[in-house]
Amino acid sequence: MSTGAWVIIVVIAIVVLAAIVALLVVPTLRRQRLRRRFGPEYDRTVQELDDRKTAEQELAERERRHAQLRLRELSEDEKRVYSTRWVEVQERFIDDPAGALTEADRLVTTIMAERGYPTENYEQQLADLSVEHAEPLGHYRAAHDIATRPAGSAVSTEDRRSAIVHYRELFQDLVGVAGRENKDVK
């Protein structure tokens, strides 16, 4: 066989090998990137959709939608105002647990809107928040589930306290005060 034929065979082998590696490595790298970005939300989405590829497409779509949002950070003054309002919610809990829970939900929604997140649809809120706030998202779900129980359902004071603690996790992440303050309702 001539040298030219060997060169062609080697080039074809390299191209085929590169294609095989790309087909195996690219999905793995994508999966790792999505897992890092979405944390527990990655596993929840895979479980909910019962198909890893579909879940990864859903998460990638969330990233694309999120990139189109006009999000902003809160100013230091806004952070102080919202932190003060959060303390007031926690203080209100002592005399009015139900009212405090309603106010906690309202405050978190207000902050989302102020940051630029759409707030009309709860499911869309979850999807949009999952891109940058995946860690506290489970807390938000738990709080929302308690806060939106149907009228006549038993919601204990302990349930309401738990919901406010859950809301606090998202509040702190949205405002950027995680772990520094606002821990009155334990």
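Right, let's walk through the structure included here. (Residues numbered from 1 in each chain as written. Predicted model: local features only at pLDDT ≥ 70, side-chain atom pairs only at ≥ 80, totals over all residues. Heavy atoms only, no water.)

## Quick look at a nonpolar patch on the surface
Okay, so step 1: Taken together, the side chains of Ile8, Ile12, Val16, Leu17, Ile20, Val21, Leu24, Val25 and Leu29 present a nonpolar region at the surface, about 820 Å² in accessible area.
Okay, so step 2: The topology assignment puts Leu29 in helix α1 (residues 3-38). (Patch = residues over 30% accessible without salt bridge, like charges linked within 9 Å, V, L, I, M, F, W, Y side chains within 5 Å. Areas by Shrake-Rupley, 256 points an atom, 1.4 Å probe, with all protein chains shown as cover. Salt bridge = Lys/Arg side-chain N within 4 Å of Asp/Glu carboxyl O. Helix = DSSP H or I, 4+ residues; strand = E, 2+ residues; numbered from the N terminus.)

## Regarding unusual backbone geometry
Okay, so step 1: You will see that Asp50, though not glycine, has its phi angle at about 60°, which is positive.
Okay, so step 2: Its location among the elements puts Asp50 in the loop between α2 (40-49) and α3 (52-68).

## Here we look at the packing of aromatic side chains
We describe a pair of aromatic rings using the distance from one ring centre to the other and the angle between the two ring planes.
Okay, so step 1: Per the stated rule, a full pass over the model turns up 3 aromatic pairs.
Okay, so step 2: Consider the rings of Tyr140 and Tyr167, whose centres lie 6.1 Å apart with planes at 55°: the pair is tilted. A residue pair is termed long-range when its members are at least 10 positions apart, and Tyr140 in helix α7 (residues 137-147) and Tyr167 in helix α8 (residues 157-175) qualify at 27 residues. Exposure class is identical for Tyr140 and Tyr167. Each is buried.
Okay, so step 3: What links up through ring pairs into an aromatic cluster is the set Tyr122, Tyr140 and Tyr167. (Phe/Tyr/Trp six-rings, centres within 6.5 Å; stacked < 30°, edge-to-face > 60°. Buried < 20%, exposed > 50% of the residue type's maximum accessible area, 1.4 Å probe, protein only.)

## Brief notes about the pattern of salt bridges
Okay, so step 1: Counted by the stated rule, this structure contains 21 salt bridges.
Okay, so step 2: The residue Arg35 makes a salt bridge to Asp43 at a minimum N-O spacing of 3.5 Å.
Okay, so step 3: Classification of Asp43 by relative accessible area gives partly exposed; the value is 42%.
Okay, so step 4: Measuring nitrogen to oxygen at the nearest pair gives 2.8 Å for the salt bridge that ties Arg65 to Asp128. Of this pair, Arg65 sits in helix α3 while Asp128 sits in helix α6 (residues 122-132), and the two are 63 residues apart along the sequence.
Okay, so step 5: Here the salt bridges share partners, and the residues they tie into one network are Glu41, Arg44, Glu48, Glu58, Arg62 and Arg141.

## Thoughts on the environment of Arg44
Okay, so step 1: Along the chain, Arg44 turns up in helix α2.
Okay, so step 2: Separated by 11 residues in the primary sequence, Arg44 and Ala55 place their C-alpha atoms 9.2 Å from one another.
Okay, so step 3: If we skip the residues at most four places from it in the chain, Arg44 touches Arg62 and Arg141. (Contact = heavy atoms within 4.5 Å.)

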